[in-house]
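A structural walkthrough
Residues per chain are reported as follows:
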Amino acid sequence: MKRPRRLIFSGSRKAAVQVLVAIAALQLTGCVVGPKYHQPAVQAPPAYKEVGDWQPAEPNDQNLGGNWWTVFKDPQLDALELQVNVSNQNLKAAEAQFQQARAALRYNRADYYPTVTAGPSATRTRVSANAPTSSLLRGATYNDFVFPFDVSYQADVWGRVRKTVESYREMAQASAADLATVNLSMHADLAVDYFQARSLDAEEQLLNTTVTQYEQALELNESRFQGGIASEVEVEQAKTILQTTRAQAIDVGVARAQFEHAVAILIGKPPAEFSLPPLPLTAPPPHIPVGVPSVLLERRPDIAAAERLVASANAQIGVARSAYYPTISLGASGGFESSSITTLLNGPSGLWSLGLSAVGTVFDVGRRRALTDQARAAYDSQVANYRQTVLNGFQQVEDNLAAVRILENEAEVQDQAVVAAQRSLDLSITRYKGGVTSYLEVITAQNAALTDEVTAVNILGRRMANTVLLIQALGGGWDRSSLPERPECCGKLVSSTGSK
């Protein structure tokens, strides 16, 4: 019983080896159709225009690392930012999309290998005694046990599978860059909302302090009125500016509550379960290293994502062009069949077949040409999107460089205005107490001083927000090397530290 089985499998192995060798030869001698990818050229200026005379800190990778928010040296901000990675739902959605792209890559990479199916079956059949069949089968009852398997494989002679895998690999890389973009955006939004809330805390503190001063001024005017020195008009003027300032201090709470709620959502909590302790903003923002514009191409994840989509579209041109060539497929089947399960796996029960086919389109009324033109147009579209993304990146850096630089100069001038306004107020109060002028001059000086102080607080808040936006525009310390690597052997996404 063993000898026939050895003969059958020996012959099948020999035939299978011959077919596989032929397929391997076809793939080795075949060519990968489609254009070779080259990263589109973009024009980068030698330096940023809006840097001007403002000299930021020297470039230092430690200043813009992965946790870029630590440059602000704010423990409360650091604690909030760490919660974004764990609880932010937008970030989780982007991560799920990246996992989806990886799964699509694995699905298409499976075309490198043959597909094996098996369909065992067991039947018991009785043939009719009056059936129009051989007299030997009429009225017979028999079993049929079958254990078959089929192997199908499409040879990647023209590189269709390789180009498809390449396209999905680049799309997965683009998805990884999109994840980094969302991550940067969520952290930057949190920092902006946080500093806006702290700026409002400083404004509210200033208004409450001013209210205390105005209460003292009202008491002074009431005493002077009771002593016959001041008029009732001056008392009412003091009440008016006091209540107006109180209303301003209360109104700050509206925007402050909204920023607190925004922070809660960014860290994945309902606003009802989160409270942001008041912490008035006092310190100026740190200087941020900028570098040269050409570095931005490697630092912004959205630019990297756009470039990876160009590479994916380029591979799709090869997929479209492979349709001009025939599809070569290998089919094989084998297994065992017997009327008795005890002899199912014996040599004489074996069966097998091998086949090779080639199918090519002869006439399709220009359909393949249309698909190729469509792929080329999609590639041109992605190139244009990539170059526009680069331009937008340059604009965002320039915008925030200008804002940071100009606001720094404005803050210096505004501080001088605050000092001058306070000096004017002190002189007006002295003049009023000496009976030289009316209380209207004091109120005018009070309004001017308060307006200048509120403006100075708002400028500090804007400086902090624009510093965060500048960091975001520069990529937040991200680097293109953070993208998964692209080994050509198998299409897996692997980082320098391990599997991704």
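A brief look at the structure comes next.

Criteria and cut-off values
Residues numbered from 1 in each chain as written. Predicted model: local features only at pLDDT ≥ 70, side-chain atom pairs only at ≥ 80, totals over all residues. Heavy atoms only, no water. Helix = DSSP H or I, 4+ residues; strand = E, 2+ residues; numbered from the N terminus. Contact = heavy atoms within 4.5 Å. Polar contact = N/O pair within 3.5 Å; in protein donor to acceptor, adjacent residues only side chain to side chain. Core = buried A, V, L, I, M, F, W, Y, C linked by side-chain atoms within 4.5 Å. Buried < 20%, exposed > 50% of the residue type's maximum accessible area, 1.4 Å probe, protein only. Salt bridge = Lys/Arg side-chain N within 4 Å of Asp/Glu carboxyl O. Patch = residues over 30% accessible without salt bridge, like charges linked within 9 Å, V, L, I, M, F, W, Y side chains within 5 Å. Areas by Shrake-Rupley, 256 points an atom, 1.4 Å probe, with all protein chains shown as cover.

Focus: the environment of leucine 344
Here leucine 344 is to be found in the loop between β4 (327-338) and β5 (350-359). Sequence separation between leucine 344 and aspartate 144 is 200 residues; the distance between their C-alpha atoms is 9.6 Å. Beyond its immediate chain neighbours, meaning those up to four positions away, leucine 344 contacts Phe145, Phe147, Phe336, Glu337, Ser338 and Ser349.

A closer look at the side chain of asparagine 466
The residue asparagine 466 is located in helix α9 (residues 439-473) in this model. Within the structure, the side chain of asparagine 466 is placed 3.3 Å from the side chain of asparagine 400, a separation counted as a polar contact. Ignoring anything within four residues of it in the chain, the contact list for asparagine 466 reads Asn400, Ala403, Val404 and Leu407.

Some thoughts on the nonpolar core
With 64 residues, the main nonpolar core has Tyr48, Trp68, Phe72 and Phe195 as its most contacted residues. Contributing elements (two or more residues each) for this core: α2 (75-87), α3 (89-109), α4 (160-226), α5 (232-266), α6 (296-299), α7 (301-321), α8 (367-433) and α9. By size, the runner-up hydrophobic cluster in this structure holds 26 residues, among which are Tyr214, Ala238, Leu242 and Tyr439.

What about the pattern of salt bridges?
All told, the structure shown has 15 salt bridges when counted by the stated rule. For glutamate 215, the salt bridge is made with arginine 246, and the minimal N-O distance between the two is 2.6 Å. With a gap of 31 residues between them, glutamate 215 in helix α4 and arginine 246 in helix α5 connect regions that are remote in the sequence. Counted as one network, the salt bridges with shared partners bring together Glu170, Glu307, Arg308 and Arg480.

Section: the side chain of glutamate 50
Mapping glutamate 50 onto the fold places it in the loop between α1 (2-29) and α2. At 2.8 Å, the side chain of glutamate 50 forms a polar contact with the side chain of arginine 405. Not counting residues within four places of it along the chain, the set of residues in contact with glutamate 50 comprises Glu398, Leu401, Ala402 and Arg405.

Topic: a nonpolar patch on the surface
A grouping of Val362, Phe363 and Val365 is seen on the molecular surface, where their side chains present a nonpolar patch of about 420 Å² in accessible area. Within the secondary structure layout, phenylalanine 363 lies in the loop between β5 and α8. Overall, the relative accessible area of 68% leaves phenylalanine 363 in the exposed class.

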